[in-house]
Amino acid sequence: MPLIKTPAGQQAFKERQGPIAVRLRPAFILFDGKRSTADVVAATGSSAEDVASLCGRGLLAEAAAAPDAGRHDVDDAPAGGPDGDAGAPPAPGVRSQQQRYLDAYYVAIKFAGQLGLLGFRLSLAVESARSYAELAALAPRIREAVGEEKFAAFDRALNG
């Protein structure tokens, strides 16, 4: 059964300290009640043990068992279509700004992590980006840090 963030998990994520390790934040973000655990593990490189740890600490729960199961957004990115129209669902094949933010966030964190200490400030900036617009504003810094070839993957995730 898919997992979803609990209110305690959402609070821990927003506080940016405590029970969610930096390396587990991308995986935590992807748990939306729709993706399977296997999909999230494959996408983020985390392990089943990592996911079990998050569940054991009450940060994730089965989608049907989670209190306030409908509340699973961890950022303030507008829902809806690519224009941010919260009243209309995205057209088939069109990713919402929130989905593009999540996809690009994972790519940016991965790149910043590969830079080691040189990427520390970039990693902090990416983690502080709470919306599509804030992450898009970091694009020039990411391009400068990782180069054009790697930046193309970030750009596809953000704008593709």
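See the structure above.
Thresholds, definitions, all that
Residues numbered from 1 in each chain as written. Predicted model: local features only at pLDDT ≥ 70, side-chain atom pairs only at ≥ 80, totals over all residues. Heavy atoms only, no water. Helix = DSSP H or I, 4+ residues; strand = E, 2+ residues; numbered from the N terminus. Expected span 1.5 Å × (residues − 1). Buried < 20%, exposed > 50% of the residue type's maximum accessible area, 1.4 Å probe, protein only. Arc of directions from axis to C-beta. Axes fitted to C-alpha atoms, helices over the stretch in contact; angles between N-to-C directions. Parallel < 35°, antiparallel > 145°, perpendicular 65-115°, else oblique. Left-handed = near helix turned anticlockwise from the far one by under 90°. Contact = heavy atoms within 4.5 Å. Salt bridge = Lys/Arg side-chain N within 4 Å of Asp/Glu carboxyl O. Phe/Tyr/Trp six-rings, centres within 6.5 Å; stacked < 30°, edge-to-face > 60°. Core = buried A, V, L, I, M, F, W, Y, C linked by side-chain atoms within 4.5 Å.

Caption draft 1: Geometry of helix α9 (residues 148–159). Look at α9: 15 Å from first C-alpha to last across 12 residues, which is about the 16 Å you get at 1.5 Å a residue. Where α9 is concerned, the buried positions are Phe-151, Phe-154, Ala-157 and Leu-158. Considered in projection along α9, the buried side chains sweep an arc of 115° and stay on one side of the axis. Residues of α9 that are exposed and point more than 90 degrees away from the buried face comprise Glu-148, Glu-149 and Arg-156.

Caption draft 2: Expanded view of the packing of helix α6 (residues 120–128) against helix α8 (residues 139–146). The interhelical angle for the contact between α6 and α8, taken along N-to-C directions, is 150°, at an axis separation of 11 Å. What the angle tells us is that α6 and α8 run roughly antiparallel. Seen along the crossing, α6 lies across α8 with a hand that is left-handed. On α8, the residues touching Arg-121, Leu-122, Ala-125 and Val-126 of α6 are Arg-141, Ile-142 and Ala-145.

Caption draft 3: Inspection of the pattern of salt bridges at higher detail. Here the structure, examined in full by the defined rule, presents 4 salt bridges. Between Arg-23 and Asp-50 there is a salt bridge whose closest N-O contact spans 3.0 Å. Note that Arg-23 is positioned in the loop between α1 (7–15) and α2 (25–30) and Asp-50 in helix α4 (residues 48–56), a separation of 27 residues in sequence. Residue classification places Arg-23 among the exposed positions, given a relative accessible area of 58%. We classify Asp-50 as buried; its relative accessible area is 13%. The residue Arg-35 makes a salt bridge to Asp-32 at a minimum N-O spacing of 2.8 Å.

Caption draft 4: Main features of the packing of aromatic side chains. Under the definition given, this model contains 3 aromatic pairs. Residues Tyr-101 and Tyr-105 carry aromatic rings whose centres are separated by 6.0 Å and whose planes lie at 40° to one another, so their mutual orientation is tilted. Of this pair, Tyr-101 and Tyr-105 both sit in helix α5 (residues 97–114), 4 residues apart, roughly one helical turn. Residue Tyr-101 shares its accessibility class with Tyr-105, and that shared class is buried. With a centroid separation of 5.7 Å and an interplanar angle of 40°, the aromatic rings of Phe-151 and Phe-154 are classed as tilted. Separated by 3 residues within a single helix, Phe-151 and Phe-154 lie in helix α9, roughly one turn from each other.

Caption draft 5: Representation of the nonpolar core. Counting 39 residues, the largest nonpolar core has Ile-20, Val-126, Leu-135, Ile-142 and Phe-154 as its most contacted members. Examining the composition of this core, we find that 9 residues originate from one element, α5, more than from any other. When sequence neighbours within four positions are dropped, the list of residues in contact with Val-126 reads Tyr-105, Ala-108, Ile-109, Leu-135, Leu-138 and Ile-142.

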